[in-house]
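# Geometric and topological summary
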Amino acid sequence: MSSLATANPGTHAVLAKSAHENFPVAPRFLPRAWRDDLTALYGYARLVDDIGDGDLPPGGADALLLGLPADRTDDRQDMLDALEADLERAFAAARHEQGLGPPRHPLVARLVPTVERAGLDAEPFRALIEANRVDQHTHRYATFEELLGYCELSANPVGRMVLGVTGTATPERIRRSDAICTALQLIEHLQDVAEDLGRGRIYLPADAMARFHVTEADLAAPSANASVRTLVAHLTDRARRLLDEGAPLVGSVRGRLRLVLAGFIGGGRAAAQAIADAGYDVLAGPPKASKGGLLYAAGTTLRRGA
């Protein structure tokens, strides 16, 4: 990591964000190769989101690394296009193909040994870029089904990558993984309602907002009224049910991977409980699970195998 941080100081800042996730990204109990692979996946996914959200360090260093001219370093669509081109260079390098040259961004270059070692497909990586393209023009979702379609691009690919690097992908495990990843994305949206609104985005389905008599003005308040709390409780319950649907994935694998998956699910369950413990008031500040709450939820998930 240090050499990458030297090449681009922003790289270290991107990877450091893993400490603030609802679940451990690359626990120390894993084999070194898996930790490297999971950190590489996280770095890429975080980079894509930071480009899409405009959260990169100022100065345009990342855009310049990707080959954009200095006068286009603030254009998110251009940066996503340049990132996709760099992704193609990474996959070509992993296949030992000539012609495109090596990846330009250090977080993309870090993918090469992971892709080569695990024989990963490029489609989940492209889907994350597409999700952030969607974010540039779609700021509201009419129905829960539309939001699930967005999660198919923005969240589910991450779980598929994890199954890929651990060599455990099967159709049934992918189905369970998709449910878990969608649930984690929904919970994150609930935690970040105020932050997302500040970006001009609402990830709460419009039909659900209408059902519970919630307006956009209600979401802009400093604390949640009864209608907002009821809506958040409803959506939290839906996310919990998706976590329960995906939880048998833990019992379907062996070894240390079970601990990782229990950590993902436990992190989601602990975050959902933190939302409930806050009285479903997500506007006063993002409810966050304590380390103890996360460990308890992960341990309970592991013991039950679901």
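Structure report, in brief. (Residues numbered from 1 in each chain as written. Predicted model: local features only at pLDDT ≥ 70, side-chain atom pairs only at ≥ 80, totals over all residues. Heavy atoms only, no water.)

### Remarks on the overall build of the protein chain
Rule in force here: Elements are defined by DSSP. Helices are runs of H or I of four residues or more, strands are runs of E of two residues or more, and each kind is numbered from the N terminus. Every radius of gyration here is taken over C-alpha atoms, with the globule rule written as 2.2 Å times N^0.38, N being the number of residues. Accessible area is worked out with a 1.4 Å probe on protein chains only. A residue is then buried under 20% of its type maximum, exposed over 50%, and partly exposed in between. Using a 1.4 Å probe, accessible areas were evaluated by the Shrake-Rupley method; residue-level cover was limited to the displayed protein chains.
A tally of helices and strands in the protein chain yields 18 helices and zero strands. Rg of the C-alpha trace for the protein chain: 19 Å, near the compact-globule value of 19 Å for 306 residues, within the 12% margin. Overall size of the protein chain, expressed as C-alpha extent along the three principal axes, is 60 × 50 × 30 Å. Buried residues in the protein chain amount to 51% of all 306 residues. Accessible area of the protein chain: about 13,600 Å², with a carbon and sulfur share of 54%.

### Overview of the pattern of salt bridges
The test is simple: By convention in these notes, a salt bridge is any Lys or Arg side-chain nitrogen within 4 Å of a carboxyl oxygen on Asp or Glu.
What the rule picks out here adds up to 24 salt bridges. The shortest N-O distance in the salt bridge between E216 and R140 comes to 3.0 Å. Residue E216 is located in helix α14 (residues 216-219), and its partner R140 is located in the loop between α8 (123-137) and α9 (144-154); the two are separated by 76 residues in the primary sequence. For E216, a relative accessible area of 40% puts it in the partly exposed group. You can call R140 partly exposed: its relative accessible area is 36%. When salt bridges that share partners are traced, they join D81, E84, E130 and R133 into one network.

### Notes on the packing of α8 against α9
Definition in use: A fitted line through C-alpha atoms represents every axis, and for helices the fit uses only the stretch in contact; the resulting angles, taken between N-to-C directions, go from 0 to 180 degrees. We call two directions roughly parallel when the angle between them is under 35 degrees, roughly antiparallel when it is over 145, roughly perpendicular when it lies between 65 and 115, and oblique otherwise. Contact criterion: two residues are considered in contact whenever any of their non-hydrogen atoms come within 4.5 Å of each other.
It is the contact of α8 with α9, at a shortest axis distance of 7 Å, that shows an interaxial angle of 135°. Comparing the axis directions of α8 and α9 gives the class oblique. Two secondary-structure elements touch here, α8 through A127, L128, E130, A131, V134 and D135 and α9 through Y150, L153 and S154.

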